[in-house]
Amino acid sequence: MALYSDKVMDHFLQPRNLGTIENADGVGEVGNAKCGDIMKMYLKIDDDIITDVKFETFGCASAIASSSMATELIKGQRVEDAMQLTNKAVAEALDGLPAYKMHCSVLAEEAIQAALEDYHNKMEQK
Ligand code: FES
């Protein structure tokens, strides 16, 4: 069996929603100290709906595929639903990741959580 699923390869080679959002409503950046990979998520939110999401990932193939899939999963979702997104759901949507690569999907969950937290902090300051 191939190490990576077709979906992982597809999202790694053709990442969806790659880039940044100017004046994003929420930005979250997280890293993994062990491997040194970094993931940054940008959210545009209108009326509690995530209308746009972009990411920048300096990391391995699984981290890039996980961020790409995670953006697809939360785009168009309500903020409260996006907060429930787990790394397991990201990995499942990718048709699985090798066990030693599961931490790469954790980065995607954490980056989205951090961006949503940033959004909530900004809302409180308004
Ligand atoms: Fe670090 Fe994949 S090896 S996120």
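Description of the structure in this document. (Residues numbered from 1 in each chain as written. Predicted model: local features only at pLDDT ≥ 70, side-chain atom pairs only at ≥ 80, totals over all residues. Heavy atoms only, no water.)

A few words on the overall build of the protein chain. In terms of regular secondary structure, the protein chain is built from five helices and three strands. The order of helices and strands in the protein chain, counted from the N terminus, is α-β-β-β-α-α-α-α. Taken against the 2.2 N^0.38 rule, which gives 14 Å for 126 residues, the C-alpha radius of gyration of the protein chain at 14 Å falls within 12% of a compact globule. Across its three principal directions, the C-alpha atoms of the protein chain cover 50 × 30 × 25 Å. (Helix = DSSP H or I, 4+ residues; strand = E, 2+ residues; numbered from the N terminus. Rg over C-alpha atoms; globule rule 2.2 N^0.38 Å.)

Okay, unusual backbone geometry next. Of note, Asn17 is a non-glycine position whose phi angle comes to about 60 degrees, a positive value. Inspection of the secondary structure puts Asn17 in the loop between helix H1 (6-13) and strand E1 (26-31). Overall, the relative accessible area of 14% leaves Asn17 in the buried class. Positive phi values are uncommon outside glycine, yet Asn23 reaches one of about 50 degrees. (Buried < 20%, exposed > 50% of the residue type's maximum accessible area, 1.4 Å probe, protein only.)

For the rest of this paragraph, the subject is the pattern of salt bridges. Throughout the structure, instances matching the rule amount to eight salt bridges. Ionic pairing is found between Asp52 and Lys75, a salt bridge with its closest N-O pair at 3.6 Å. Placement of the pair is Asp52 in strand E3 (residues 49-58) and Lys75 in the loop between helix H2 (61-74) and helix H3 (79-82), with a sequence separation of 23 residues. When the shortest N-O distance is used, the salt bridge between Asp118 and Lys122 registers 3.0 Å. Of this pair, Asp118 and Lys122 both sit in helix H5 (residues 102-125), four residues apart, which is roughly one turn of that helix. On the basis of relative accessibility, which here comes to 33%, the residue Lys122 falls in the partly exposed class. Shared partners join several salt bridges into a network, and the residues in it are Asp52, Lys54 and Lys75. (Salt bridge = Lys/Arg side-chain N within 4 Å of Asp/Glu carboxyl O.)

This paragraph deals with the environment of Lys75. Take Lys75: its relative accessible area is 36%, and that puts it in the partly exposed class. Note: C-alpha distance between Lys75 and Ala114 (39 residues apart in sequence) is 16 Å. When neighbours within four sequence positions are excluded, Lys75 is seen to be in contact with Asn17, Ile50, Thr51, Asp52 and Val53. (Contact = heavy atoms within 4.5 Å.)

Such coordinate-based values are descriptive only and should not be taken to indicate function.
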